[in-house]
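One letter stands for each residue in the lines below.
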Amino acid sequence: MAKVKSDKLTLKHIIGYGAGDCGGCFGLYMVAMNMSRFLQVNLEVNAGILATMLLIWNVWDTVNDPLMGTIMDICFAKAKPGADKFRPWILASIPIMMVGIVSFYAVPPMLGGGFAMIAAAFILKIVFEAGYTMMNIGMGSLLGNMAKNDQERATLASARGFGSTACQLIGGMTIPLLLDKWGVGNDGYLKTAIVLAIMCGATVFLHWAWTEERNKVPADQVKEKTEEEKAAEKFKITDIWNIVTKNRAFLALVLHSICICAVQAMGSGAAQYLYIDVMKNVAMQGYASTIGSILIICILAAAPILTKKWDLVVIIRTCLLGGAIICGATLAYILLVPNFNQWLFLILMSLGNGAITMSVQMQWGLVAESIDYNEYLTGKRNEGTIYGFFSLSRRLGSTISSSLSVLMIAAIGFDAAVSKAGGTQAPSVEAWIKVMVVGFPMIAALGSFSCFTFIWNINQDVRAKMAEWKAARAG
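Residues numbered from 1 in each chain as written. Predicted model: local features only at pLDDT ≥ 70, side-chain atom pairs only at ≥ 80, totals over all residues. Heavy atoms only, no water.

**Comments concerning the overall build of the protein**
In terms of helices and strands, the protein carries 18 helices and 0 strands. When each of the 475 residues of the protein is scored for burial, the buried share is 52%. Sequence-distant contacts in the protein: of pairs separated by 6 or more residues, those separated by 24 or more amount to 85%. Carbon and sulfur atoms form 67% of the exposed surface of the protein, whose accessible area is close to 20,000 Å². (Helix = DSSP H or I, 4+ residues; strand = E, 2+ residues; numbered from the N terminus. Buried < 20%, exposed > 50% of the residue type's maximum accessible area, 1.4 Å probe, protein only. Contact = heavy atoms within 4.5 Å. Areas by Shrake-Rupley, 256 points an atom, 1.4 Å probe, with all protein chains shown as cover.)

**Observations concerning the nonpolar core**
Ranked by internal contacts, the top residues of the largest apolar core, which has 116 residues, are Leu-39, Phe-345, Ile-433 and Trp-456. Of the residues forming this core, the biggest block, 13 residues, is contributed by helix α14 (residues 342–378). Once residues within four sequence positions are removed from consideration, Leu-39 is found in contact with Glu-44, Val-45, Leu-50, Trp-57, Phe-104 and Ala-121. (Core = buried A, V, L, I, M, F, W, Y, C linked by side-chain atoms within 4.5 Å.)

**A look at the side chain of Ser-36**
Along the chain, Ser-36 falls in helix α2 (residues 35–42). Beyond its immediate chain neighbours, meaning those up to four positions away, Ser-36 contacts Leu-50, Leu-54, Tyr-273 and Val-406.

**Digging into the pattern of salt bridges**
Under the definition given, this model contains 8 salt bridges. Measuring nitrogen to oxygen at the nearest pair gives 2.8 Å for the salt bridge that ties Asp-84 to Arg-87. Sharing partners across several salt bridges, the network here consists of Asp-311, Glu-369 and Arg-463. (Salt bridge = Lys/Arg side-chain N within 4 Å of Asp/Glu carboxyl O.)

**A look at the packing of α14 against helix α17 (residues 427–454)**
Geometry of a packed helix pair, given as the angle between the helix axes and the separation of the axes. At a minimum axis distance of 11 Å, the contact between α14 and α17 shows a crossing angle of 35°. Handedness of the crossing formed by α14 with α17: left-handed. Contact residues: α14 offers Phe-345, Met-349, Asn-353, Ile-356 and Leu-366, while α17 offers Val-437, Val-438, Pro-441, Ala-445 and Phe-452. Counted by class, the contact of α14 with α17 contains 9 nonpolar, 1 polar and no charged residues. (Axes fitted to C-alpha atoms, helices over the stretch in contact; angles between N-to-C directions. Left-handed = near helix turned anticlockwise from the far one by under 90°. Nonpolar A, V, L, I, M, F, W, Y, C, P; charged D, E, K, R; others polar.)

**Topic: a nonpolar patch on the surface**
Residues Leu-55, Val-59, Trp-60, Val-63, Leu-67 and Ile-71 make up a contiguous nonpolar surface patch of roughly 480 Å² in combined accessible area. Checked against the element boundaries, Leu-55 lands in helix α3 (residues 47–77). (Patch = residues over 30% accessible without salt bridge, like charges linked within 9 Å, V, L, I, M, F, W, Y side chains within 5 Å.)

**Regarding the packing of aromatic side chains**
All told, the structure shown has 16 aromatic pairs when counted by the stated rule. When the ring of Phe-128 is compared with that of Tyr-132, the centres are 6.1 Å apart and the planes differ by 25°; the resulting orientation is stacked. Of the two residues, Phe-128 and Tyr-132 both sit in helix α5 (residues 114–146), 4 residues apart, roughly one turn of that helix. Pair check on accessibility: Phe-128 and Tyr-132 agree, each one buried. Taken together, the ring pairs connect Phe-38, Phe-104, Tyr-105 and Tyr-189 into an aromatic cluster. (Phe/Tyr/Trp six-rings, centres within 6.5 Å; stacked < 30°, edge-to-face > 60°.)

**Overview of unusual backbone geometry**
Phi is positive for Glu-44, which is not a glycine, with a value near 55°. Here Glu-44 lies in the loop between α2 and α3. Its relative accessible area of 58% is what places Glu-44 among the exposed residues. Phi is positive for Lys-280, close to 60°, though the residue is something other than glycine. In this structure, Lys-280 sits in the loop between α11 (271–278) and α12 (283–306).

**As for α14**
Under the 1.5 Å per step criterion, the end-to-end length of α14 is 53 Å for 37 residues, consistent within 8% with the ideal 54 Å. Counting buried residues along α14, 27 of its 37 residues qualify, which places the element largely inside the surrounding structure. One or two residues past the end of α14 sits Gly-379, with phi positive at roughly 80°. (Expected span 1.5 Å × (residues − 1).)

**What about helix α4 (residues 87–110)?**
The first and last C-alpha atoms of α4 sit 36 Å apart over 24 residues, in line with the 34 Å expected at 1.5 Å per residue. At Ser-103, α4 is deflected by roughly 40°, the largest bend along its length. Along α4, the positions that sit buried rather than exposed are Arg-87, Ile-90, Ser-93, Ile-94, Met-97, Gly-100, Ile-101, Ser-103, Phe-104, Tyr-105, Ala-106 and Pro-108. The secondary structure elements touched by the buried residues of α4 are α1 (11–31), α2, α5 and α7 (186–210). (Bend = angle between axes of the 7 residues up to and from the residue.)

**A closer look at the environment of Leu-206**
Tracing the sequence through the fold places Leu-206 in helix α7. Of the residues examined, Leu-206 reaches a relative accessible area of 29% and is grouped as partly exposed. Separated by 183 residues in sequence, Leu-206 and Gly-23 have C-alpha atoms that sit 8.9 Å apart. Those residues in contact with Leu-206 that sit more than four places away from it in its chain are Gly-16 and Ala-19.

**Let's talk about the environment of Val-195**
Secondary-structure assignment places Val-195 in helix α7. For the pair Val-195 and Leu-178, spaced 17 residues apart in sequence, the C-alpha to C-alpha distance is 9.3 Å.

**Observations regarding the environment of Cys-75**
With respect to the helices and strands, the residue Cys-75 is situated in helix α3. Sequence separation between Cys-75 and Lys-85 is 10 residues, and the spatial gap between their C-alpha atoms is 8.4 Å.

**Some details on the side chain of Asn-247**
Here Asn-247 lies in the loop between α9 (237–246) and α10 (248–269). At a separation of 3.1 Å, a polar atom in the side chain of Asn-247 contacts the main-chain carbonyl oxygen of Ser-370. When sequence neighbours within four positions are dropped, the list of residues in contact with Asn-247 reads Asn-242, Ser-370, Tyr-373, Asn-374 and Leu-377. (Polar contact = N/O pair within 3.5 Å; in protein donor to acceptor, adjacent residues only side chain to side chain.)

Encoded structure:
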């Protein structure tokens, strides 16, 4: 007889769920956050061609996310009763991601330039993203199938935040230090990619092994649905419009996601230029990541206590506003003081980015709540589809930011030849890099703060109505 093994959420479940985002981000950090400079400086790809590649990559990723979520829902509808919905996809994603990470840094340099090199880089990035999307949509949707109540949703959301923060702490420290040890040449990037691919695969496997779809109905308890019920639950294109127009909580999350992913990512995309070409100290980037991660860990640990007095949205708004203020002060400091103290900058920027990133780490609890709210409004619950379209909003931000970041680096006069020779960029170029790295996160935080202040509408009264509706439906 098929049955759910665990009656309650265990420590193993919590650690396993957190490992998913940690492992996926190891791969994402290695590919997405390091590829622009690798392609532009090491492989000497023209800035215009690189910007076009980034745009096409991100357009495909934008389509790929909701497509993958919908495919998961459709495949599950045809699966045998009692089968897992998301975990099989997570397991299948592991070899795809590992091959994609290593091949991206191994194959293009071997081709010696030209169309073949560019084509190889283009295809191998898509290979990695296919595996990452498979894992990410499965992992994000899995939360709804693991948690049985609001407290468990909050616990798993925090676990995901801890996992992502662990990656920021470990991966953010490891990659710069390995590049500092092995160099920022092709060989150094490849060795670093091999280490990160192993870390990615092992951690995602732990996620698969230690999680469980606790909310699935045992095979012997599955009731045959009428044709009318099947038709009502079937996904329709109009469902997307209904989500956007009726679900203000989801709309707030979408706009927040675009703000964070687009504007803040433009600053993150220029970070390596700041540490390597302005500060001449790539290892400092690892230390910045460490300080920011420690701050996030402290906030995540305190969140369950703070939520006893304040809503999670209030905590997120406070972090966003505080981060914006710190970033504003830091920008003024490094622009007004040419020979600024690198350690003081490091501490201030880490605190500002850490506070802003907190909104991303804790948003998953709000995503789960917006899915519940959407079920309350429409009577439908398709976790894969809804999470996929939320991911689409994040990809929209990335689509905008990746290409614009590269184009802005070129527009401000950055000279790749000077960088490759170890020279110093023009003062105006260095100033604009500072503005990108520090000013853009400040703008992102203010935009996100506005979304959660003026658009988000789930409060205690709405939660009470949702709970009453669920009880009536269950009865």
